[in-house]
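Chain and residue survey
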Amino acid sequence: MKFFKAIGTVILLTLLFASIALTLASAAVRFAALNPKYLKAFMPTKTYCAEMRERVSEDLDHVALLYGVDGTELPEFVTDDAIRSYTNRMIDALFAENATAPLKLPAFPADGFASFARAHTAFGEEGVRDFSEDCAQAVTEDLSAINTELIIRPFLNFRDNTFCKSSLVLFVSGALLTVILLIFLRMMYTGPSRRAGSVVIQGGMFMGVTLVFVPVMQFLLFGYVDRLNISVSAFRTILTGYLNTVLYGCFLVLLAMEILTFLFLLIAIARAAHGKKQKSR
């Protein structure tokens, strides 16, 4: 009887690891990687905006140099709020049902640059228009640097594949399967072996979460995203911003689950050890 219980435990724990991994992976895809609301809330951070302003400043300096203008004040028209707003519009376009590669994105407003040209230069209206449009185009190219066939097309294909479209169903199915497996494990360990069953169940939960937590932690610990072989550019800022936002979001959730399941495991072990001491007495 003990032999069959051991075999059954191994089988159920293996299925439990797989179901937890499926649940967490599908949740990461559904609620982080492919969730525009999450990305718009956490991707355009202060660091992200600061890096984008630095890239924009370099290109605006180049435009100002071409027109013989002192462009030190030009970056002031590209505020953090403007960067966040444009980034959010790009995310909306990326997740639109009719999205195509490249995305159809609006140009950055040129009004601020036109006002600057009228106040600080002797340009006529045509010169003001050309200058402001060139500045706006430079900013637009930076803020939408990721909008290339090389990136957008694979992303749209990934977004529309079967796994991603079914991620919510997989998440619910995986969660239900996990609950069923936990019930089966609980039914196998009743009576005197109930405390040992709690250790098995909590250990299975901890190991299942660890199975997904470790690779995510490794990506962040070794900085794989920041070590991408891409030169410093607006393209790199947007790409690493997206990847880091997804990774950090998954990491924080998994870390909380890892700590919680570990605490439950410690409690289960302590209770099992206390039960053995009482029996020995």
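What comes next is a walk through the structure. (Residues numbered from 1 in each chain as written. Predicted model: local features only at pLDDT ≥ 70, side-chain atom pairs only at ≥ 80, totals over all residues. Heavy atoms only, no water.)

**Focus: the environment of Ile146**
Let me state the cut-off plainly: In this text, helices come from DSSP runs of H or I with a minimum length of four residues, and strands from runs of E with a minimum of two, each type numbered from the N-terminal end. To sort residues, take the accessible area from a 1.4 Å probe on protein chains only and compare it with the maximum for the residue type: under 20% means buried, over 50% means exposed, and anything in between is partly exposed. Throughout, a contact is declared for two residues whenever any of their heavy atoms are within 4.5 Å.
Tracing the backbone through its elements, the reader meets Ile146 in the loop between helix H6 (125-143) and helix H7 (149-159). Residue classification places Ile146 among the buried positions, given a relative accessible area of 12%. For the pair Ile146 and Phe77, spaced 69 residues apart in the sequence, the C-alpha separation amounts to 22 Å. What Ile146 contacts, discounting residues up to four positions off in sequence, is Met90, Ile151, Ile152, Phe235, Ile238 and Leu239.

**Focus: the environment of Leu239**
Here Leu239 shows up in helix H11 (residues 234-280). Distance from Leu239 to Asp134, taken between C-alpha atoms, is 25 Å for residues 105 residues apart in sequence. When residues no more than four places from it in sequence are discounted, the contact partners of Leu239 are Ile146, Leu228 and Ile230.

**With respect to the pattern of salt bridges**
The condition is simple: Any carboxyl oxygen of Asp or Glu within 4 Å of a side-chain nitrogen of Lys or Arg constitutes a salt bridge here.
In the structure shown here, the tally under the stated rule is eight salt bridges. As a salt-bridge pair, Lys40 and Asp92 come within 2.9 Å of each other at their nearest N and O atoms. With Lys40 in helix H2 (residues 36-42) and Asp92 in helix H4 (residues 80-94), this pair connects stretches of sequence that are 52 residues apart. Taking relative accessible area as the criterion, Lys40 reaches 28% and is therefore assigned partly exposed. Notably, a salt bridge pairs Glu54 with Arg55, separated by 3.2 Å at the nearest N-O pair.

**Brief notes about unusual backbone geometry**
Working note: non-glycine residues mostly have negative phi, and peptide bonds are mostly trans. A cis amide bond links Ala101 with the next residue in sequence, Pro102, at an omega value of -5°. Tracing the sequence through the fold places Pro102 in the loop between H4 and helix H5 (111-120).

**Some points on H4**
The α-helix advances 3.6 residues per turn, and as a result positions three or four apart in sequence lie on the same side. Cut-off, in case you're wondering: Here a helix's expected span is defined as the number of its residues, less one, multiplied by 1.5 Å.
End to end, H4 covers 21 Å across 15 residues, agreeing with the expected 21 Å (1.5 Å per residue, within 8%). Along H4, the residues classified as buried are Ala82, Ile83, Tyr86, Thr87, Met90, Ile91, Ala93 and Leu94.

**Some details on the side chain of Thr237**
Under the convention used in this document: Whenever a nitrogen or oxygen atom comes within 3.5 Å of another N or O atom, the pair is scored as a polar contact, on the condition that within protein one atom can donate a hydrogen and the other can accept it, and that pairs from neighbouring residues in sequence are kept only if both atoms are in side chains.
Looking at the element boundaries, Thr237 is found in helix H11. Among the polar contacts listed, one links the side chain of Thr237 to the side chain of Glu51, at a separation of 3.4 Å. Each residue touching Thr237, except ones within four places of it in the same chain, is listed here: Tyr48, Glu51, Met52 and Arg55.

**A word on a nonpolar patch on the surface**
To keep things clear, this is the line we draw: Note on patches: the residues involved have over 30% relative accessible area and no salt bridge, like charges join within 9 Å, and the nonpolar side chains Val, Leu, Ile, Met, Phe, Trp and Tyr join within 5 Å. Where accessible areas are quoted, they stem from the Shrake-Rupley method and a 1.4 Å probe; at the residue level, only the protein chains shown are allowed to cover.
Taken together, Val214, Met217, Phe219, Leu221, Phe222 and Tyr224 make up a surface patch of nonpolar side chains, about 550 Å² in accessible area. You can see Phe219 is positioned in helix H10 (residues 194-221). Residue Phe219 is classed as partly exposed on the basis of its relative accessible area of 41%.

**Concerning H7**
Stated formally: Here the arc refers to the directions that run from the helix axis out to each C-beta atom.
Burial in H7 covers these residues: Ile152, Phe155, Leu156 and Arg159. Summarising the axial view, the buried residues of H7 lie within an arc of 100°, below the 170-degree limit, and thus occupy one face.

**Things to note about the side chain of Thr261**
For Thr261, the position within the fold is in helix H11. In this structure the side chain of Thr261 is engaged in a polar contact, spanning 2.8 Å, whose partner is the backbone oxygen of Met257.

**Focus on the layout of surface pockets**
Note the threshold: Here a cavity denotes grid points, spaced 1 Å and computed from the protein atoms alone, that fit a 1.4 Å probe unable to get out, and a pocket denotes an open set having protein on both sides within 12 Å along at least 5 of 7 lines; residues with an atom within 4 Å of a point are the lining. Grid points are joined across faces, edges and corners, and a volume is the space filled by probe spheres set on the points. We call Asp, Glu, Lys and Arg charged. Ala, Val, Leu, Ile, Met, Phe, Trp, Tyr, Cys and Pro are nonpolar, and the rest, Gly among them, are polar.
Its boundaries defined by the atoms lining it, the largest pocket holds a volume of some 920 Å³. Around the largest pocket, the lining is made up of 38 residues, and of these Ala28, Ala32, Ala33, Tyr242 and Val246 lie nearest the centre. When contributions to the lining of the largest pocket are tallied by element, the ones reaching two or more residues are helix H1 (2-33), H2, H4, H7, H10 and H11. Broken down by element, the lining of the largest pocket gets its largest block of residues, 11 residues, from H11. Each residue belonging to the lining of the largest pocket can be placed in one class, and the counts come to 36 nonpolar, two polar and no charged.

**Examining the packing of H5 against H6**
Threshold: Angles here are taken between N-to-C directions and fall from 0 to 180 degrees, while the axes themselves are lines fitted to C-alpha atoms, restricted in helices to the stretch in contact. Here is the rule for angles: anything less than 35 degrees is roughly parallel, anything more than 145 is roughly antiparallel, 65 through 115 is roughly perpendicular, and the remaining ranges are oblique. In this scheme the crossing of two helices becomes right-handed for a clockwise turn of the near helix relative to the far one and left-handed for an anticlockwise turn of less than a right angle.
Running from N to C, H5 and H6 cross one another at 140°; their axes reach a closest spacing of 8 Å. Relative to H6, the element H5 lies oblique. Considering only the axes of H5 and H6, their crossing is right-handed. Residue-level inspection shows Phe113, Ala114, Phe116, Ala117 and Arg118 of H5 in contact with H6, the latter providing Glu125, Val128, Phe131, Ser132, Cys135, Ala136 and Val139. Classifying every residue of the contact of H5 with H6 by side-chain character gives nine nonpolar, one polar and two charged.

**Quick look at the packing of helix H3 (residues 46-67) against H4**
Relative orientation of the contacting elements H3 and H4 amounts to 100°, with a least axis distance of 10 Å. Comparing the axis directions of H3 and H4 gives the class roughly perpendicular. Taking contact as the criterion, the partners of Lys46, Tyr48, Cys49, Met52 and Arg53 in H3 are, on H4, Asp80, Ile83, Arg84 and Thr87. Of the residues in the contact of H3 with H4, the class split is four nonpolar, one polar and four charged.

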